[in-house]
Amino acid sequence: MIRVMLAEDQNIVRGALAALLGLEEDLEVVAEAAGGDEAVVAAERVRPDVALLDIEMPGKDGLTATAEIRAAVPGCRVMILTTFGRPGYLRRAMEAGASAFLIKDGPAQELAATIRRVVAGERVIDPGLAAAALSAGPNPLSPRERDVLAAGADGSTIADIAARLHLSEGTVRNYLSSAINKVGVRNRIEAAKAAERNGWLYTPCNTLAASAGA
């Protein structure tokens, strides 16, 4: 039997996945989690063969949980199953040690087959997303540029961003100018939208708070 752990914050989706995998004779769902923190604890407790994680979850995000699970349970393969098919997310997932990255709107019948392929040592990536990641290239933004763009994505003023990140207004303007130039757009709103579209703004939970205290 291939022992599988599911981490998904939407109860209905998690239940549907568990039911779907339960139909397979060689797969067993041995643990479920509704957030990233729970997923890491559950993986350490049950030591599954495969951990199937969403990205956006309460507590630790799925990408942070992936890295921690791979460190704590090296024999566990991690698969990302997400709604957010963005090139930057794929790159971060691979860097964290994920063995597969799939989009939720893919064919349901392929999920069990992918789990078997991952256990056999293969790396499986949604073909369309892989092509998009190659086209988009690596994330050009520095961590601070990402923080500043993310903090201003809701239309916050320069003063608001500076206060939130404990930076001077001049420093915020410099980071925004640099980010705009790197992304190749006209203003910070366009830069934030382009970065979000490519998955470049996604940062682990509490990153902004940690940056503010740095």
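Residues numbered from 1 in each chain as written. Predicted model: local features only at pLDDT ≥ 70, side-chain atom pairs only at ≥ 80, totals over all residues. Heavy atoms only, no water.

## Describing the overall build of the protein
Piece 1. A count of helical and extended segments in the protein gives 11 helices and 6 strands.
Piece 2. Burial analysis of the protein (214 residues in total) assigns 45% to the buried set.
Piece 3. Sequence-distant contacts, at least 24 apart, represent 65% of the contacts inside the protein between residues at least 6 apart.
Piece 4. Approximately 10,100 Å² of the protein is accessible, and the part contributed by carbon and sulfur atoms is 52%. (Helix = DSSP H or I, 4+ residues; strand = E, 2+ residues; numbered from the N terminus. Buried < 20%, exposed > 50% of the residue type's maximum accessible area, 1.4 Å probe, protein only. Contact = heavy atoms within 4.5 Å. Areas by Shrake-Rupley, 256 points an atom, 1.4 Å probe, with all protein chains shown as cover.)

## Some thoughts on the packing of helix α2 (residues 36-46) against helix α3 (residues 62-72)
Piece 1. In contact at an axis separation of 9 Å, α2 and α3 are set at 15 degrees when each is read in the N-to-C sense. With respect to their mutual orientation, α2 and α3 come out roughly parallel. Judged by the twist between their axes, the crossing of α2 over α3 is right-handed. Here Gly-36, Ala-39, Val-40, Ala-43 and Glu-44 of α2 lie close against α3, whose contacting residues are Ala-65, Glu-68, Ile-69 and Ala-72.
Piece 2. Tallied by class, the residues present in the contact of α2 with α3 amount to 6 nonpolar, 1 polar and 2 charged. (Axes fitted to C-alpha atoms, helices over the stretch in contact; angles between N-to-C directions. Parallel < 35°, antiparallel > 145°, perpendicular 65-115°, else oblique. Left-handed = near helix turned anticlockwise from the far one by under 90°. Nonpolar A, V, L, I, M, F, W, Y, C, P; charged D, E, K, R; others polar.)

## Regarding helix α10 (residues 188-197)
Piece 1. Along α10, the positions that sit buried rather than exposed are Ala-191, Ala-192, Ala-194 and Ala-195. For α10, the buried positions fall inside an angular range of 165 degrees around the axis, keeping them on one side. Across from the buried face of α10, at angles greater than 90 degrees, the exposed residues are Lys-193 and Arg-197.
Piece 2. On the buried face of α10, the contacting elements are α7 (143-151) and α9 (169-183). (Arc of directions from axis to C-beta.)

## Things to note about the pairing of strand β4 (residues 77-82)
Piece 1. The buried fraction of β4 is high, at 5 of 6 residues.
Piece 2. Examined bridge by bridge, strand β3 (residues 50-53) and β4 share 4 bridges and lie parallel to one another. Bridge pairing links Val-50 to Arg-77 in β4.
Piece 3. Alignment of β4 against strand β5 (residues 100-103), held across 4 bridges, turns out to be parallel. (Pairing = 2+ DSSP bridges.)

## Quick look at the sheet that holds strand β1 (residues 2-7)
In a beta sheet, neighbouring strands are held together by backbone hydrogen bonds and run either parallel or antiparallel to one another.
Piece 1. Read from one edge to the other, the open sheet built from 6 strands follows the order β2-β1-β3-β4-β5-β6, with strand pairing classed as parallel. The sheet terminates laterally at β2 (27-33) and β6 (124-125), the two strands that pair on one side only.
Piece 2. The pairing of β1 with β2 spans 6 bridges and is parallel. Paired with Ala-7 across the two strands is Ala-33, which belongs to β2.

## Here we look at the pattern of salt bridges
Piece 1. Throughout the structure, instances matching the rule amount to 11 salt bridges.
Piece 2. With a shortest N-O distance of 3.7 Å, Lys-60 and Glu-68 are connected by a salt bridge.
Piece 3. Taking the relative accessible area as the measure of exposure, Lys-60 reaches 24% and is therefore partly exposed.
Piece 4. Notably, a salt bridge pairs Glu-190 with Arg-186, separated by 2.5 Å at the nearest N-O pair.
Piece 5. On the basis of relative accessibility, which here comes to 23%, the residue Glu-190 falls in the partly exposed class.
Piece 6. Owing to a relative accessible area of 72%, Arg-186 belongs among the exposed residues under this scheme.
Piece 7. One connected set of salt bridges, linked through shared partners, spans Glu-8, Asp-54 and Lys-104. (Salt bridge = Lys/Arg side-chain N within 4 Å of Asp/Glu carboxyl O.)

## With respect to the confidence of the model for the protein
Piece 1. Averaged over all residues, the pLDDT of the protein equals 84, while 88% of them reach at least 70.
Piece 2. For residues 203-214, every residue scores under 50 in pLDDT, and the model assigns this stretch 18 contacts once sequence neighbours within four places are set aside. (pLDDT = per-residue confidence, 0-100.)

## A word on the pairing of β1
Piece 1. The element β1 is largely enclosed, with a buried count of 5 among its 6 residues.
Piece 2. Where the polypeptide runs from β1 across helix α1 (residues 11-22) and back to β2, its parallel neighbour, the crossover connection is right-handed.
Piece 3. Pairing between β1 and β3: 4 bridges, direction parallel. Within the sheet, the bridge partner assigned to Met-5 lies in β3 and is Ala-51. (Right-handed = clockwise from strand over helix to strand, strands pointing away.)

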